[in-house]
Amino acid sequence: MKKVIIDCDPGHDDALAILLAAGHLDVLGITTVGGNQTLEKVTNNTLKILECAELTHIPVARGMGEPLMAPRIDTSDIHGPDVHGTTGLDGPELPEPDISIIASHGVDFIVDTVMSTNDVTLIPTGPLTNVASALRREPRIKDRLAGISLMGGNLAIGNVTATAEFNIYVDPLAAHIVFSSGVPVKMCGINLTRQVMATDVEIGRIRSLNNRVGTFVADLLDFYVGSIKRLYGLPGGALHDPCAVVPLINPQMIQFEPMRVAIERYGEHTTGMTVCDYRHLQDSGNADFRTIARRKGAPPYTDVGLKINRDRFFDLLIETLATYP
Ligand code: RIB
Ligand code: CA
(Lines give C-alpha, C1' and ligand atoms only; values in the text may rest on other atoms or scores of the structure.)
(Ligands and ions follow the chains in the order given, each with its own letter.)
Protein backbone atom coordinates (compact mmCIF):
# COMPACT_ATOMS: atom_id res chain seq x y z
CA MET A 1 0.00 0.00 0.00
CA LYS A 2 1.15 3.55 -0.69
CA LYS A 3 2.57 5.30 2.38
CA VAL A 4 0.99 8.66 3.18
CA ILE A 5 0.82 11.38 5.81
CA ILE A 6 -2.44 13.33 5.98
CA ASP A 7 -2.13 16.99 7.03
CA CYS A 8 -5.57 18.30 7.83
CA ASP A 9 -7.94 20.65 9.67
CA PRO A 10 -11.08 18.58 10.42
CA GLY A 11 -13.47 19.81 9.18
CA HIS A 12 -16.28 17.64 7.84
CA ASP A 13 -14.67 16.88 4.50
CA ASP A 14 -11.28 16.28 6.16
CA ALA A 15 -12.96 13.49 8.13
CA LEU A 16 -14.00 11.85 4.87
CA ALA A 17 -10.46 12.17 3.53
CA ILE A 18 -9.11 10.37 6.61
CA LEU A 19 -11.68 7.56 6.32
CA LEU A 20 -11.12 7.12 2.57
CA ALA A 21 -7.33 7.09 2.97
CA ALA A 22 -7.28 4.69 5.92
CA GLY A 23 -9.45 2.26 3.95
CA HIS A 24 -6.90 1.92 1.12
CA LEU A 25 -3.51 3.38 2.06
CA ASP A 26 -0.81 2.99 4.70
CA VAL A 27 -1.50 6.13 6.76
CA LEU A 28 1.78 6.61 8.65
CA GLY A 29 0.33 9.49 10.63
CA ILE A 30 -1.92 12.54 10.69
CA THR A 31 -0.70 16.08 11.36
CA THR A 32 -3.10 18.86 12.23
CA VAL A 33 -3.09 22.51 11.22
CA GLY A 34 -5.22 25.50 12.16
CA GLY A 35 -7.79 26.28 9.49
CA ASN A 36 -11.47 25.36 9.63
CA GLN A 37 -11.22 25.84 13.36
CA THR A 38 -8.49 26.48 15.93
CA LEU A 39 -5.59 24.04 16.17
CA GLU A 40 -6.90 22.69 19.47
CA LYS A 41 -10.34 21.99 18.01
CA VAL A 42 -9.18 20.40 14.74
CA THR A 43 -6.73 18.22 16.69
CA ASN A 44 -9.42 17.08 19.11
CA ASN A 45 -11.71 16.38 16.15
CA THR A 46 -9.03 14.24 14.53
CA LEU A 47 -8.76 12.08 17.65
CA LYS A 48 -12.56 11.72 17.78
CA ILE A 49 -12.70 10.59 14.13
CA LEU A 50 -10.00 7.96 14.66
CA GLU A 51 -11.73 6.61 17.78
CA CYS A 52 -15.10 6.43 16.04
CA ALA A 53 -13.59 4.44 13.15
CA GLU A 54 -11.34 2.29 15.38
CA LEU A 55 -8.22 3.73 13.72
CA THR A 56 -6.48 4.51 16.98
CA HIS A 57 -3.23 2.91 15.74
CA ILE A 58 -2.64 5.97 13.56
CA PRO A 59 -0.45 8.56 15.37
CA VAL A 60 -1.65 12.18 15.50
CA ALA A 61 0.83 15.06 15.82
CA ARG A 62 -0.29 18.64 16.40
CA GLY A 63 1.24 21.12 13.97
CA MET A 64 1.09 24.87 13.38
CA GLY A 65 -1.84 26.89 14.63
CA GLU A 66 -1.19 30.13 12.78
CA PRO A 67 -0.12 30.83 9.16
CA LEU A 68 3.39 31.86 8.12
CA MET A 69 1.84 34.90 6.44
CA ALA A 70 -1.80 35.75 6.96
CA PRO A 71 -3.59 37.58 4.12
CA ARG A 72 -3.52 41.38 4.42
CA ILE A 73 -7.20 41.73 5.11
CA ASP A 74 -8.73 40.97 8.52
CA THR A 75 -8.67 37.23 9.07
CA SER A 76 -9.82 37.30 12.68
CA ASP A 77 -12.81 35.13 11.82
CA ILE A 78 -10.95 33.02 9.25
CA HIS A 79 -12.05 29.83 11.00
CA GLY A 80 -15.00 28.32 9.32
CA PRO A 81 -17.75 28.30 11.99
CA ASP A 82 -20.29 29.12 9.30
CA VAL A 83 -19.70 25.87 7.45
CA HIS A 84 -18.20 23.48 10.00
CA GLY A 85 -19.78 24.83 13.19
CA THR A 86 -18.23 26.01 16.42
CA THR A 87 -16.49 22.68 17.10
CA GLY A 88 -15.32 22.35 13.51
CA LEU A 89 -17.16 19.02 13.35
CA ASP A 90 -20.73 19.95 14.30
CA GLY A 91 -23.52 17.46 13.71
CA PRO A 92 -22.72 14.08 15.28
CA GLU A 93 -22.42 13.77 19.06
CA LEU A 94 -19.02 12.18 19.75
CA PRO A 95 -17.51 11.49 23.20
CA GLU A 96 -14.32 13.27 24.21
CA PRO A 97 -11.44 11.10 22.94
CA ASP A 98 -9.54 8.73 25.25
CA ILE A 99 -6.54 8.66 22.89
CA SER A 100 -4.11 11.58 22.77
CA ILE A 101 -1.60 13.12 20.41
CA ILE A 102 2.04 12.00 20.24
CA ALA A 103 4.76 14.21 21.70
CA SER A 104 6.32 15.22 18.35
CA HIS A 105 5.33 18.49 16.74
CA GLY A 106 3.54 17.93 13.43
CA VAL A 107 6.31 19.55 11.42
CA ASP A 108 8.94 17.34 13.08
CA PHE A 109 6.75 14.28 12.49
CA ILE A 110 6.65 15.03 8.75
CA VAL A 111 10.41 15.63 8.58
CA ASP A 112 11.38 12.61 10.70
CA THR A 113 9.00 10.25 8.90
CA VAL A 114 10.04 11.34 5.39
CA MET A 115 13.75 11.21 6.29
CA SER A 116 13.37 7.66 7.62
CA THR A 117 10.83 6.23 5.15
CA ASN A 118 11.05 6.04 1.34
CA ASP A 119 8.32 7.08 -1.09
CA VAL A 120 6.00 8.92 1.30
CA THR A 121 3.25 11.06 -0.25
CA LEU A 122 1.83 14.01 1.68
CA ILE A 123 -1.93 14.61 1.47
CA PRO A 124 -2.61 18.14 2.75
CA THR A 125 -6.30 19.02 3.06
CA GLY A 126 -5.97 22.28 4.98
CA PRO A 127 -3.72 25.36 4.88
CA LEU A 128 -0.16 24.42 3.87
CA THR A 129 1.63 25.85 6.91
CA ASN A 130 2.94 22.49 8.21
CA VAL A 131 4.11 21.25 4.80
CA ALA A 132 5.89 24.52 4.01
CA SER A 133 7.51 24.56 7.44
CA ALA A 134 8.75 20.98 6.96
CA LEU A 135 10.25 21.89 3.56
CA ARG A 136 12.01 24.84 5.12
CA ARG A 137 13.13 22.90 8.21
CA GLU A 138 14.62 20.02 6.20
CA PRO A 139 15.03 20.77 2.46
CA ARG A 140 16.29 17.23 1.86
CA ILE A 141 12.73 15.95 2.10
CA LYS A 142 12.12 17.47 -1.36
CA ASP A 143 14.17 14.68 -2.95
CA ARG A 144 12.73 11.96 -0.74
CA LEU A 145 9.02 12.68 -1.09
CA ALA A 146 7.09 10.69 -3.72
CA GLY A 147 4.82 13.72 -4.11
CA ILE A 148 2.13 15.94 -2.66
CA SER A 149 -1.56 15.43 -3.48
CA LEU A 150 -3.40 18.41 -2.04
CA MET A 151 -6.85 19.87 -1.82
CA GLY A 152 -6.60 23.58 -2.46
CA GLY A 153 -6.63 26.29 -5.07
CA ASN A 154 -8.86 27.04 -7.99
CA LEU A 155 -8.67 27.26 -11.74
CA ALA A 156 -10.80 30.37 -11.86
CA ILE A 157 -13.26 31.55 -9.19
CA GLY A 158 -12.57 31.25 -5.48
CA ASN A 159 -14.74 30.46 -2.46
CA VAL A 160 -13.42 32.46 0.50
CA THR A 161 -12.96 35.45 -1.84
CA ALA A 162 -13.80 36.04 -5.49
CA THR A 163 -10.34 34.81 -6.50
CA ALA A 164 -9.01 32.59 -3.68
CA GLU A 165 -9.79 29.18 -2.23
CA PHE A 166 -9.74 28.85 1.58
CA ASN A 167 -6.71 26.56 2.11
CA ILE A 168 -4.45 28.73 -0.04
CA TYR A 169 -5.94 32.00 1.19
CA VAL A 170 -5.24 31.28 4.86
CA ASP A 171 -1.49 30.98 4.24
CA PRO A 172 -0.41 32.22 0.77
CA LEU A 173 3.29 32.19 1.65
CA ALA A 174 3.11 28.53 2.71
CA ALA A 175 1.37 27.70 -0.55
CA HIS A 176 4.06 29.53 -2.54
CA ILE A 177 6.78 27.51 -0.76
CA VAL A 178 5.00 24.23 -1.53
CA PHE A 179 4.07 24.93 -5.18
CA SER A 180 7.57 26.26 -6.00
CA SER A 181 9.42 23.50 -4.11
CA GLY A 182 9.88 21.21 -7.10
CA VAL A 183 8.13 18.34 -5.30
CA PRO A 184 5.56 16.86 -7.75
CA VAL A 185 2.24 18.42 -6.79
CA LYS A 186 -1.26 17.26 -7.74
CA MET A 187 -3.75 20.05 -7.09
CA CYS A 188 -7.41 19.22 -6.47
CA GLY A 189 -8.92 22.68 -6.59
CA ILE A 190 -12.52 23.68 -6.14
CA ASN A 191 -12.99 23.65 -9.93
CA LEU A 192 -12.63 19.88 -9.52
CA THR A 193 -14.04 19.23 -6.05
CA ARG A 194 -17.31 21.03 -6.78
CA GLN A 195 -18.02 18.22 -9.25
CA VAL A 196 -18.58 15.86 -6.29
CA MET A 197 -21.37 17.58 -4.42
CA ALA A 198 -23.05 15.38 -1.80
CA THR A 199 -26.84 15.71 -1.80
CA ASP A 200 -29.58 14.10 0.25
CA VAL A 201 -29.37 11.15 -2.17
CA GLU A 202 -25.77 10.33 -1.23
CA ILE A 203 -26.45 10.98 2.46
CA GLY A 204 -29.32 8.48 2.24
CA ARG A 205 -27.03 5.87 0.62
CA ILE A 206 -24.48 6.37 3.41
CA ARG A 207 -27.04 6.26 6.23
CA SER A 208 -28.47 3.03 4.83
CA LEU A 209 -25.12 1.33 5.42
CA ASN A 210 -26.40 0.95 8.99
CA ASN A 211 -22.95 0.87 10.57
CA ARG A 212 -21.49 3.24 13.18
CA VAL A 213 -19.17 5.07 10.77
CA GLY A 214 -21.90 5.35 8.13
CA THR A 215 -24.22 6.93 10.68
CA PHE A 216 -21.39 9.24 11.85
CA VAL A 217 -20.69 10.40 8.28
CA ALA A 218 -24.40 10.81 7.48
CA ASP A 219 -24.79 13.00 10.59
CA LEU A 220 -21.70 14.97 9.54
CA LEU A 221 -23.07 15.54 6.05
CA ASP A 222 -26.54 16.47 7.29
CA PHE A 223 -24.90 19.36 9.14
CA TYR A 224 -22.36 20.24 6.43
CA VAL A 225 -24.81 20.09 3.52
CA GLY A 226 -27.34 21.97 5.64
CA SER A 227 -24.77 24.75 6.15
CA ILE A 228 -24.05 25.00 2.42
CA LYS A 229 -27.75 25.04 1.54
CA ARG A 230 -28.41 27.76 4.13
CA LEU A 231 -25.39 29.92 3.27
CA TYR A 232 -25.20 29.54 -0.50
CA GLY A 233 -28.51 28.06 -1.61
CA LEU A 234 -26.72 25.14 -3.28
CA PRO A 235 -28.38 21.69 -3.55
CA GLY A 236 -25.49 19.95 -1.81
CA GLY A 237 -22.04 20.24 -0.27
CA ALA A 238 -18.82 19.62 -2.22
CA LEU A 239 -16.66 16.86 -0.72
CA HIS A 240 -13.41 18.75 -1.30
CA ASP A 241 -10.81 16.92 0.77
CA PRO A 242 -11.36 13.24 -0.14
CA CYS A 243 -10.63 14.23 -3.77
CA ALA A 244 -6.96 14.67 -2.79
CA VAL A 245 -6.88 11.01 -1.67
CA VAL A 246 -8.31 9.61 -4.91
CA PRO A 247 -5.11 9.87 -7.05
CA LEU A 248 -3.35 7.56 -4.57
CA ILE A 249 -6.12 4.94 -4.84
CA ASN A 250 -7.29 5.19 -8.47
CA PRO A 251 -5.37 7.72 -10.63
CA GLN A 252 -7.73 7.11 -13.56
CA MET A 253 -10.66 8.68 -11.71
CA ILE A 254 -9.32 12.23 -12.13
CA GLN A 255 -8.07 13.91 -15.33
CA PHE A 256 -5.00 16.06 -14.54
CA GLU A 257 -3.28 18.59 -16.81
CA PRO A 258 0.22 20.04 -16.24
CA MET A 259 0.25 23.80 -15.69
CA ARG A 260 2.51 26.39 -14.15
CA VAL A 261 0.77 27.53 -10.95
CA ALA A 262 1.90 30.68 -9.14
CA ILE A 263 0.50 31.84 -5.80
CA GLU A 264 -0.57 35.46 -5.53
CA ARG A 265 0.70 36.75 -2.19
CA TYR A 266 0.30 40.52 -2.38
CA GLY A 267 -2.66 41.35 -4.64
CA GLU A 268 -5.20 43.76 -3.18
CA HIS A 269 -8.03 41.65 -4.57
CA THR A 270 -6.21 38.45 -5.49
CA THR A 271 -4.19 37.40 -2.45
CA GLY A 272 -4.37 33.59 -2.16
CA MET A 273 -5.21 33.05 -5.83
CA THR A 274 -3.63 30.06 -7.58
CA VAL A 275 -2.70 31.66 -10.88
CA CYS A 276 -2.90 28.71 -13.27
CA ASP A 277 -1.28 29.09 -16.71
CA TYR A 278 -3.42 27.00 -19.04
CA ARG A 279 -2.91 28.94 -22.26
CA HIS A 280 -1.77 25.67 -23.83
CA LEU A 281 -5.28 24.32 -23.29
CA GLN A 282 -6.78 27.13 -25.38
CA ASP A 283 -7.21 26.69 -29.13
CA SER A 284 -4.37 29.04 -30.01
CA GLY A 285 -2.25 28.39 -26.93
CA ASN A 286 1.39 27.38 -26.87
CA ALA A 287 0.69 23.78 -27.75
CA ASP A 288 4.25 22.69 -26.95
CA PHE A 289 3.82 23.71 -23.30
CA ARG A 290 4.04 20.11 -22.21
CA THR A 291 7.52 19.69 -23.64
CA ILE A 292 8.58 23.11 -22.28
CA ALA A 293 7.08 22.33 -18.88
CA ARG A 294 9.01 19.09 -18.71
CA ARG A 295 12.27 20.60 -19.99
CA LYS A 296 15.03 19.95 -17.48
CA GLY A 297 15.51 22.99 -15.27
CA ALA A 298 12.14 24.50 -16.21
CA PRO A 299 10.27 26.01 -13.27
CA PRO A 300 8.13 23.32 -11.62
CA TYR A 301 4.69 22.66 -13.01
CA THR A 302 1.67 21.33 -11.15
CA ASP A 303 -0.75 18.62 -12.21
CA VAL A 304 -4.07 20.43 -11.95
CA GLY A 305 -7.22 18.31 -11.65
CA LEU A 306 -9.83 19.18 -14.26
CA LYS A 307 -12.39 16.37 -14.22
CA ILE A 308 -13.45 13.68 -11.77
CA ASN A 309 -15.83 10.78 -12.39
CA ARG A 310 -18.59 11.65 -9.91
CA ASP A 311 -20.37 8.29 -9.88
CA ARG A 312 -17.17 6.32 -9.41
CA PHE A 313 -16.07 8.73 -6.65
CA PHE A 314 -19.23 8.21 -4.60
CA ASP A 315 -19.20 4.45 -5.23
CA LEU A 316 -15.58 4.32 -3.97
CA LEU A 317 -16.37 6.46 -0.92
CA ILE A 318 -19.51 4.53 0.06
CA GLU A 319 -17.91 1.12 -0.56
CA THR A 320 -15.05 2.23 1.73
CA LEU A 321 -17.38 3.46 4.47
CA ALA A 322 -19.13 0.07 4.36
CA THR A 323 -15.89 -1.63 5.45
CA TYR A 324 -15.86 0.24 8.77
CA PRO A 325 -17.54 -0.88 12.02
O1 RIB B 1 -11.99 25.30 0.34
C2 RIB B 1 -12.22 24.00 0.82
C3 RIB B 1 -11.24 23.65 1.89
O4 RIB B 1 -11.40 24.53 3.00
C5 RIB B 1 -11.46 22.23 2.47
O6 RIB B 1 -10.22 21.69 2.83
C7 RIB B 1 -12.29 22.47 3.69
O8 RIB B 1 -12.08 21.48 4.71
C9 RIB B 1 -11.76 23.79 4.15
O10 RIB B 1 -10.59 23.54 4.90
CA1 CA C 1 -9.83 20.87 5.08
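Each residue is numbered by its place in its chain's sequence as written, counting from 1. Labels follow written order: the first chain is A, the first ligand is 1, and so on. Per-residue local features of the predicted model are confined to residues with pLDDT of at least 70, and side-chain atom pairs are confined, for both listing and counting, to 80 or more; whole-chain, interface and lining totals are unaffected and use all residues. In computing side-chain values, all of the structure's heavy atoms are included and hydrogens and water are not.

Asks: Could you give me a rundown of unusual backbone geometry, with the residues and numbers involved?
Replies: In this model, Pro10 is joined to Gly11 through a cis peptide bond whose omega is -25 degrees. Strands here mean DSSP runs of E at least two residues long; helices mean DSSP runs of H or I at least four residues long; both are numbered from the N terminus. Topologically, Gly11 is positioned in the loop between β1 (3–8) and α1 (12–22). Residue Asp119 is not a glycine yet carries a positive backbone phi of 60 degrees. We classify Asp119 as exposed; its relative accessible area is 52%. Phi angles above zero are rare outside glycine, and Asn210 is one such case at about 60 degrees. Here Asn210 is to be found in the loop between α10 (200–207) and α11 (212–232). With a 1.4 Å probe rolled over the protein chains alone, any residue whose accessible area is under 20% of its type maximum counts as buried; one over 50% counts as exposed, and the rest are partly exposed. What makes Asn210 exposed here is its relative accessible area of 68%.

Asks: How would you sum up the packing of α1 against helix α2 (residues 39–52)? Please name residues and give values.
Replies: Where α1 meets α2, the axes come as close as 11 Å, and the angle between the chain directions of the two elements is 40 degrees. Comparing their axes, α2 and α1 come out oblique. In the packing of α1 onto α2, the handedness of the crossing is right-handed. Where α1 approaches α2, its residues Ala15, Ile18 and Leu19 are matched on the opposing element by Thr46, Ile49 and Leu50. Residues are grouped as follows: nonpolar covers Ala, Val, Leu, Ile, Met, Phe, Trp, Tyr, Cys and Pro; charged covers Asp, Glu, Lys and Arg; every other residue, Gly included, is treated as polar. Its residues assigned to classes, the contact of α1 with α2 shows five nonpolar, one polar and no charged. Axis geometry follows a simple rule: fit a line to the C-alpha atoms, using only the stretch in contact for helices, then measure angles between N-to-C directions, giving values from 0 to 180 degrees. Angular relationships are summarised with four words: roughly parallel below 35 degrees, roughly antiparallel beyond 145, roughly perpendicular across 65 to 115, and oblique for the angles in between. Crossing handedness is defined as follows: a turn of the near helix away from the far one that is anticlockwise and smaller than a right angle gives a left-handed crossing, while the clockwise case is right-handed. Contact criterion: two residues are considered in contact whenever any of their non-hydrogen atoms come within 4.5 Å of each other.

Asks: Before we move on, can you summarise the coordination of the calcium ion (ligand 2) with the specific residues and values?
Replies: Metal donors: N, O and S atoms at distances within 2.8 Å, or within 3.2 Å for Na, K and Ca, with water omitted from the atom set so that some sites may seem incomplete. For the calcium ion (ligand 2), the full set of protein donor atoms is Asp9 (OD), Asp14 (OD), Asp14 (OD), Thr125 (O) and Asp241 (OD), at a range of 2.2 to 2.6 Å. In primary-sequence terms, the residues that donate to the calcium ion (ligand 2) follow D-x4-D-x110-T-x115-D. With Asp14 in helix α1 and Asp241 in the loop between β8 (237–238) and α12 (246–249), this residue pair connects regions lying 227 residues apart in the sequence. The pair formed by Asp14 and Asp241 is uniform in burial state, with each residue classed as buried.

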